[in-house]
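Residue-level structure breakdown
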Amino acid sequence: MELLSQMMQLLFSGLTLGAIYALIAVGFVVIYNVTGILNFAQGEFAMLGALTCISLVNNNVPLWLAIILSIVIVAAIGGIFERTALHTARKSSVTTLIIITIGVSIVLRGAAILIWGTQVQTLPPFTDNTPITILDAVLLPQNIWAVGISIVILILMMYFFNYTFVGKSLTACVVNPFAARLMGINPEKMSLFAVIVSAGVGALAGTVIAPISGATYDMGMMLGIKAFVAAVIGGLTNAPAAIAGAFLIGILEAFTEGLWSSGLKDVVTFTFLLLILFVKPEGLFAKASGKRV
Amino acid sequence: MNSKSLKLIYNNSILGPIILFAVLFCIPLVSSSNYLFSILTMIGFYALVCIGLTTLTGYAGQISLGHAAFYGIGAYSSAVLTSTYGLNPWIAIIIGALISAVVALIVGIPTFKLKGYYLALATLGFGIIVYTLFKEFSSITGGSNGFFGIPPISLFGYEFITDKSYFYLIWVFVFFAILFTRNIIHSRIGRGLRSIEGSEIAADAVGVNLMNYKLQIFVLSAIFASVSGSLLAHYVSFINPDLFVANTSIFFLIMVIMGGKGNIWGSIVGAAMYVLLDEILKHYVPLLLPNVGGQFEIVFFGILLVLTLIYMPDGLVPRFEKLMSKFKKKTPTNGALQSTISVNATGGDNK
Amino acid sequence: MSNKRPILSVENLTKVFGGVVAVDNVSFTVEEGEIFAVIGPNGAGKSTLFNMITGVLPSSSGNIYFQEKRLNRKKPYQIAQMGITRTFQNLEVFDNMTVIENVMTGAHITMKTNILTAGLRLPSVRNEEVKTMERAMEALEAVGISDLAYEIADRLPYGSQRLLEIARAAISNPKLILLDEPMAGLNSEESRQLVEVILKMREQGMTFLFVEHDMETVMSISDSIVVIDNGVKIGEGTPEEIYQNPQVVAAYLGDEEEEGVEAYA
Ligand SMILES: Nc1ncnc2c1ncn2[C@@H]1O[C@H](COP(=O)(O)OP(=O)(O)OP(=O)(O)O)[C@@H](O)[C@H]1O
Ligand SMILES: [Mg+2]
C-alpha cells in the first residue's frame, strides 16, 4: 500500500510537470509548423508570464485578472519579438536562427533581472490549497489546476486548429504556403499569430507553475529545454504527440527524482532524449519522409 | 602551371598569423597590466575552442551546442590527473585530449546521423549530461563545491604562474591551432568538409564519406576544446561545474557565429568581442543602474547579438572582408587577390 | 555490341513510395563503353532509377550489379569509390566553393591526404594539391568553362553549372557516369560542346548512362535506349528500333506531345 501511495504521489507530480511542459511544447510545435523556426526563447514566455502575474497580484490586482493580463502582456511581447527578430531573420541558416532566438532569451532574462531581481518570487495558489488525499497520496489543488487548465487549453487548441477557419489556415500554411497564399491566407500574418498564441499559452504555463515551484528570472531556460525535448520526442510537427511527449518526460522526471536521485534527473531525461533521437529521430509517434533529389 | 597557381585558390601565406602574433607579443613592451594579460589570456582560451568549433560549424555546417563538455572534460582530466594522481600537467593535457577524443567519437557516431535542430538538441543534451555528471560525481570532481589546488603548468623548470607568462603560453597554442586548421581547410580534407555544407548529396556522390568527415572534425574540435579546458584549469587552479554549463557551449557558438562562421579569424575576433564586451558591460552598465543586483548587463549583450545576426548574418569578419573587396574593386587589382577574398567571404554562410 | 562485357546490370528493380510504384520491375544491361539512354515522360521514374543505382535511395526489390558486384545497400560514397559518379537533375553544385574547388572535390577519391598530413601540410600534400588543381583545370577546359575557374560556383549561369557538374563527375576517371538530363538548360552551342565531350570521354573508355528529354541528342549519340513509362519498361533497343516501337510512340503521344519521339521522327 505504501508503495502504491508513493507511486500515486510521483504520478501526480509527474502529471503536473508534464502539463506545464505540454503547454510550452505545443507553443514550440505551433511556431515550428508555421515558420520552420524552433524558438529557443519559448521558455522565457513562461518566466515572463509568472513574474508579470506575481507583480500584478502584489499590486492588488485580483488573481484571475492578473493571469489574464499577464497572458495578454506576454502575447504582446511575443508579437514584438516575431516582428523584430523572427520575421527579419527568417531566411537565415538554422544555426543563425538558433543563436538569434537564444539571443532573445538572453535579452528577456536580463530584462527580468532588471525588473524583478534574482530572488525567487511566489504566487498564491489559485484556490484554497488544502491537500486532498487519494489512496494515501497527497494531492494539492494547485496540481489539479495545472493539469486541468492545461488539458482544457490543449483541447481548445486542438479544436481551434482543426475546426476554425483561422486554425485551418494556419495548418494550410504549413502544408503548402504557396497554395495558402492563393487562397488569400497570408503566411506572414499567420507567423505573427502563431507566435502570439504560443507566447500567451507559455505565459499561462508560467502562471500555473508559479504557485508550485516559485518563479525566478532563470526558470525559463530549463522549462524551455524540457519542453523542447518533449516536442522532439513527439516528432516536432505533431501537437498531440508533443503533448504525449511532455507527459512522458514529466512522469519520467518525477519518478527518477522520487526513486533514484534528483541530481541525476537531467541525466536520465537527456539520455532518454538521446536514445530516442538515435533510434527513432523522427519522433516516437511519426512516420519518416525523404527528401527528393 | 607551377605550384604558385595554388595561391589563386588558397591564400596560405603565414604573414597574417605572424603579424597578429608580432602585434600581440609586442603588447608586453608597452603594458604590464595584469588585468590586460588576464583578459588576453581568456580570449586565448576561448579562441582555441572556437577555432575547432568553426571547422565543425562553419566549414562542415554541423552545429554543436555541447562543446563546453569537452572543455570541461579537459579541465577535469587535468585537475584530477595532476592533483589526485600526481601526473605531469603536460601528460594530463594529452590524456584529457585522448579522453575527449574517445568521448567525441562514441557520442558522435549516433549524433551525426542527425541534422539541424535535432543535432542541436542532441549536442545540447549531451552537454547537459556531462555537466550533471561533473556535479554529481563529487567524489572525483568535488561536485558543486568545485576542485581546488590544481597545480600550475611548467616547461623546462619554468612555471607559468603570472598572467603574462600564461598569455604567451596560450597564444602559442592558438598560433599553431590556426596554422593547423587553416592547412586542413586548404586541402582535400577542407574541401570534403565544405562539400558537406555545400550539398550533402553531391558530397556523397563524389565519394566523400560524410560520417567519417563529420566525426573526424568533431573529434578534432573536441581535442581543441579539451586542451583549452586543461590549460584553463592549470591557469585558474580552481574549477567548478558551472564553468561548463550549457550556457558556456552556447556562448562558444555565439562567438563563432558573431565573428563569422567558416572563418578562422572570425573565431578569434568573436572570442575577443565576447570577452571585451563582457568586461565593458560588467564595468560600466552597473554604474548606470547601481541598485540592481545580478548580471542584468547581459541584456545589452543579447541585444547586440541579435542585431549583429539580423543585420550581418555572416558575422563580423566576412562582412569586413566584403567591404574590403568592394573597396578594392574600385581600384584595379589582380584577380587573384579578389578571388581569394571572395573564397573566404562566401565560404561562410551558404546553407 | 555482343563482344563487349556488361558493366551495369539492373535486374527487376522496383521502388515503391508509400503506395506509388515509381519504378516497376525494370531490367536492363549496360555494356562497357556504351552510351546508354533512359527516356520516358515526366514522372516516369528515371531519376528514381538513378537514385537507386547511385545508392541515394534504397530499392524496394531487385538487384543492381556493377562489374559483377552487387550495389544494393551500398552507400553513395562507396558506389562513387567503386567508379560510378553522377550529375543531378536539380543541380547540386557546392555553392560555397569556387568552380575549380568544386572540380577538385570531385577528385576527392583519387587523393590520399588525410587530416594529419593536411594539418601539417607535408610536401606530399602540396604536390597532390598542385596536381589535382592542374587536372581540375584540364577538366574545366574540356567542358569549356575554364575561364570561370575562380568564380563562386553559385554565381554561374545555369548552363555552366551543369557543365561544372559534369567536370566534377568526370575528374575522378570513373568507369560509369550517370547524367540526369545533362542538356536541360544548355544553349545549342553548349549542348553541342557537351556531346563532343561525352563522345571524347567515351573514346577514353568511360561508359555513360543518361536521362535526356532532348530526343535529337538521344537518337544521335546513344548506342542503346531504354524507355520507361509509369515506372514500367516499355521498350528497349537501338535508336532505330525505338522509334519504330509502336508502344513507345503511343506512350509519348499520350503524354508529351511537344517533346515526343514523333516530333523528332
Ligand atoms: N522521394 C519521393 N517520395 C515520394 N514519391 C517520389 C519521390 N521521388 C519521386 N517520387 C515519385 O516517383 C515518381 C517518379 O519520379 P521521378 O523523379 O523518378 O521521375 P522522372 O522520370 O525523373 O521525371 P522527370 O522527367 O520529371 O525528371 C513520380 O510520381 C514522383 O512523384
Ligand atoms: Mg527526373
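Chains are numbered independently. Their residues run from 1 in the order of the written sequence. The order in which chains are written sets their letters, starting at A; the order in which ligands are written sets their numbers, starting at 1. Local features in this predicted model are restricted to residues of pLDDT 70 or higher, and side-chain atom pairs are both shown and tallied only at a pLDDT of 80 or more, whereas totals for entire chains, interfaces and linings draw on every residue. Only heavy atoms go into the side-chain values, all of them from the structure, while hydrogens and water stay out.

To continue, consider the packing of helix α3 (residues 67–84) of chain B against helix α11 (residues 246–259) of chain B. All names here are of chain B. Running from N to C, α3 and α11 cross one another at 115 degrees; their axes reach a closest spacing of 7 Å. Between α3 and α11, the interaxial angle falls into the category roughly perpendicular. Between α3 and α11 lies a crossing whose hand is right-handed. Residues H67, A68, A69 and Y71 of α3 lie in contact with α11, whose contacting residues are T248, S249 and F252. For this classification, Asp, Glu, Lys and Arg are treated as charged, while Ala, Val, Leu, Ile, Met, Phe, Trp, Tyr, Cys and Pro are nonpolar and the rest, including Gly, are polar. Considered class by class, the residues forming the contact of α3 with α11 number 4 nonpolar, 3 polar and no charged. Axis definition: a line fitted to C-alpha atoms, over the contacting stretch in the case of helices. Angles run 0 to 180 degrees between N-to-C directions. Per the convention used, a helix needs a DSSP run of H or I reaching at least four residues, while a strand needs a run of E reaching at least two, with both numbered from the N terminus. Small angles under 35 degrees read as roughly parallel and large ones over 145 as roughly antiparallel, with 65 to 115 read as roughly perpendicular and the rest as oblique. We call a crossing left-handed when the near helix sits turned anticlockwise from the far one by less than a right angle, and right-handed when that turn is clockwise. A contact between two residues is defined here by any heavy atoms of the two lying within 4.5 Å.

By definition, a salt bridge exists where a carboxyl oxygen of Asp or Glu is found within 4 Å of a side-chain nitrogen of Lys or Arg. Overall, the coordinates contain 17 salt bridges over all chains when judged by the stated rule. Here R109 of chain A makes a salt bridge to E44 of chain A, at a shortest N to O gap of 3.5 Å. Of the two residues, R109 of chain A sits in helix α4 (residues 94–116) while E44 of chain A sits in helix α2 (residues 42–58), which places them 65 residues apart along the sequence. E44 of chain A shares its class with R109 of chain A; the two are buried. For the salt bridge of E165 of chain C with R168 of chain C, the shortest nitrogen-to-oxygen distance reads 3.7 Å. Placement of the pair is E165 of chain C and R168 of chain C together in helix α6 (residues 158–170), with a separation of 3 residues, close to one helical turn. Each member of the pair, E165 of chain C together with R168 of chain C, is buried. One salt-bridge network, in which partners are shared between bridges, spans K226, E253 and D266 of chain A. Think of it in three bands: with a 1.4 Å probe and only protein chains considered, a residue is buried below 20% of the maximum accessible area for its type, exposed above 50%, and partly exposed in between.

Before going further, it helps to examine the coordination of the magnesium ion (ligand 2). Four donors placed tetrahedrally about a metal ideally form angles of 109.5 degrees, and six donors placed octahedrally ideally form angles of 90 or 180 degrees. Metal-coordinating donors are taken as N, O and S atoms lying within 2.8 Å of the metal, or within 3.2 Å when the metal is Na, K or Ca; because water is left out, some sites can appear incomplete. Every protein donor of the magnesium ion (ligand 2) is listed here as S47 of chain C (OG) and Q89 of chain C (OE1), and their distances to the metal cover 1.9 to 2.0 Å. A residue pair is termed long-range when its members are at least 10 positions apart, and S47 of chain C in helix α1 (residues 46–53) and Q89 of chain C in the loop between β6 (84–86) and α3 (99–106) qualify at 42 residues.

Judged by nonpolar contacts, the single largest core of 216 residues is most densely connected at F40 of chain A together with W171, V174, L231 and I254 of chain B. If you tally residues by element for this core, the top one is helix α10 (residues 210–236) of chain B, at 15 residues. Aside from chain neighbours lying at most four places away, what touches V174 of chain B is F21, G44, A47, L48, I51 and I268 of chain B. Core analysis: the second largest hydrophobic core is formed by 53 residues, I166, I177, M201 and V218 of chain C among them. Buried residues of nine kinds, namely Ala, Val, Leu, Ile, Met, Phe, Trp, Tyr and Cys, make up a nonpolar core once their side-chain atoms join them within 4.5 Å.

The next point concerns the site of ligand 1. Contacts to ligand 1 come from 14 residues, most closely from G43, K46, S47, T48 and Q89 of chain C. The nearness test applies per residue and asks whether one of its heavy atoms lies within 4 Å of the molecule or strand. Each of chains A and C places residues near ligand 1. Within the side chain of N42 of chain C, a nitrogen or oxygen atom sits 2.9 Å from an oxygen atom of ligand 1. Polar contact is the term for a pair of N or O atoms within 3.5 Å; when the atoms are in protein, one must be able to donate a hydrogen and the other to accept it, and sequence-neighboring residues count only if both atoms are side-chain atoms. Interatomic distance of 2.8 Å between a side-chain N/O atom of Q89 of chain C and an oxygen atom of ligand 1.

Our focus in this paragraph is the confidence of the model for chain C. All names here are of chain C. pLDDT runs from 0 to 100 and stands for how confident the predictor is about each residue. Across chain C, the average pLDDT comes to 90, with 94% of residues at or above 70. Low confidence marks residues 256–265, where pLDDT is under 50. Its contacts with residues over four positions away, or in another chain, come to 25 contacts. The ipTM, which scores confidence in the relative placement of chains, is 0.89 for this predicted complex, and the corresponding pTM is 0.89.

Further remarks concern the interface of chain B and chain C. Where the parts come together, the accessible area they lose is often given as the size of the interface. Each partner contributes to the interface: chain B provides 43 residues, whereas chain C provides 44 residues. Each partner contributes to the roughly 3,800 Å² buried at the junction of chain B and chain C, and carbon and sulfur atoms together form 63% of this total. Counting the surface chain B buries against chain C, the share from its top three residues, R188, R191 and V206 of chain B, is 19%. Here E101 of chain C makes a salt bridge to R194 of chain B, at a shortest N to O gap of 2.7 Å. Linking chain B to chain C there are 14 residue pairs in polar contact (both at pLDDT 80 or more). At the level of elements, α7 (163–185), α8 (188–198), α9 (200–205), α10 and α15 (335–346) of chain B are the ones that each hand at least two residues to the side of chain B that touches chain C. Looking at the side of chain B that touches chain C element by element, the count peaks at 8 residues for α8 of chain B. Residues that form the side of chain B that touches chain C fall into these classes: 19 nonpolar, 18 polar and 6 charged. When two components associate, each loses some accessible surface as probed by a 1.4 Å sphere; the sum of these losses over both components is called the buried area.

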